[in-house]
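# What the coordinates show
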Amino acid sequence: MLYNVEKLLIENNIDFIITREPGRTKISEKIREILLSNDNSEMFARTEALLYSASRAQHVDKLILPNLQKGKLVISDRYVISSLAYQSFGRDLSYDKVKEINDFATDNLSPDYTFFSI
């Protein structure tokens, strides 16, 4: 599906970037390695939530905001809603706490649209 969106944007001469979380910046990629490493299976849920939000903060400040400020469309594979689903409901953390740390991490930057894939 993403290929079709990308093709449509190119055909319509729309300036865009496609990114993903966690990652796409030097620091966020290092955090991604920690999060996805099988060596860290003993990671506590709160630690995981904080690492995702830290990666997101770096991603927003280093990549997303600068591109939005240039007038580009930013398409991200995952964002805050992923943490709300996985850390709140999947890891049984407080929804309000997870939302709070992500609001801080993103400086309340929210997407205009969210798409779900099944």
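This text gives an overview of the structure that appears in the document. (Residues numbered from 1 in each chain as written. Predicted model: local features only at pLDDT ≥ 70, side-chain atom pairs only at ≥ 80, totals over all residues. Heavy atoms only, no water.)

Further remarks concern helix H5 (residues 95-106). Taking 1.5 Å per residue as the helical rise, H5 with its twelve residues ought to reach 16 Å, and the 16 Å between its terminal C-alpha atoms agrees with that figure. The set of residues buried in H5 consists of Val98, Asn102, Ala105 and Thr106. Across the axial projection of H5, the buried residues extend over an arc of 85°, all falling on one side. When the buried face of H5 is taken as reference, the exposed residues oriented beyond 90 degrees from it are Asp96, Lys97 and Phe104. Residues of H5 that are buried make contact with helix H3 (45-69) and helix H4 (80-90). After H5 finishes, the residue aspartate 107 shows a positive phi value of roughly 50°. (Helix = DSSP H or I, 4+ residues; strand = E, 2+ residues; numbered from the N terminus. Expected span 1.5 Å × (residues − 1). Buried < 20%, exposed > 50% of the residue type's maximum accessible area, 1.4 Å probe, protein only. Arc of directions from axis to C-beta. Contact = heavy atoms within 4.5 Å.)

Working definition: two side chains of opposite charge can pair if their charged atoms are close together. Applying the stated criterion across every chain, the model contains five salt bridges. A salt bridge links aspartate 77 to arginine 78; the nearest nitrogen and oxygen atoms lie 4.0 Å apart. Taking the relative accessible area as the measure of exposure, aspartate 77 reaches 48% and is therefore partly exposed. Exposure remark for arginine 78: the relative accessible area of 43% places this residue in the partly exposed category. Here lysine 99 ties to aspartate 103 by a salt bridge, and the two come within 2.9 Å at their closest N and O atoms. Taken together, the residues span about one helical turn, with lysine 99 and aspartate 103 both in helix H5 at a distance of four residues. Take lysine 99: its relative accessible area is 32%, and that puts it in the partly exposed class. (Salt bridge = Lys/Arg side-chain N within 4 Å of Asp/Glu carboxyl O.)

This paragraph deals with the packing of aromatic side chains. Applying the stated criterion across every chain, the model contains one aromatic pair. A ring pair is formed by phenylalanine 89 and tyrosine 95, whose centres lie 6.1 Å apart and whose planes are at 45°; its orientation type is tilted. Under the relative-accessibility criterion, phenylalanine 89 is labelled exposed at 63%. For tyrosine 95, a relative accessible area of 36% puts it in the partly exposed group. The residue whose ring lies beneath arginine 56 is tyrosine 79, and the NZ or CZ to ring-centre distance is 5.7 Å. (Phe/Tyr/Trp six-rings, centres within 6.5 Å; stacked < 30°, edge-to-face > 60°. Lys NZ or Arg CZ within 6 Å of the ring centre and 35° of its normal.)

To characterise two packed helices, one gives the angle between the axes of the helices and the distance between these axes. Where H4 contacts H5, the axes come no closer than 9 Å and their chain directions differ by 150°. Taken together, H4 and H5 sit at an angle that is classed as roughly antiparallel. Remark: the crossing between H4 and H5 carries right-handed chirality. Residues Val80, Ser83, Leu84, Gln87, Ser88 and Phe89 of H4 pack against Tyr95, Val98, Lys99, Asn102 and Thr106 of H5. Residue composition of the contact of H4 with H5, grouped by class: five nonpolar, five polar and one charged. (Axes fitted to C-alpha atoms, helices over the stretch in contact; angles between N-to-C directions. Parallel < 35°, antiparallel > 145°, perpendicular 65-115°, else oblique. Left-handed = near helix turned anticlockwise from the far one by under 90°. Nonpolar A, V, L, I, M, F, W, Y, C, P; charged D, E, K, R; others polar.)

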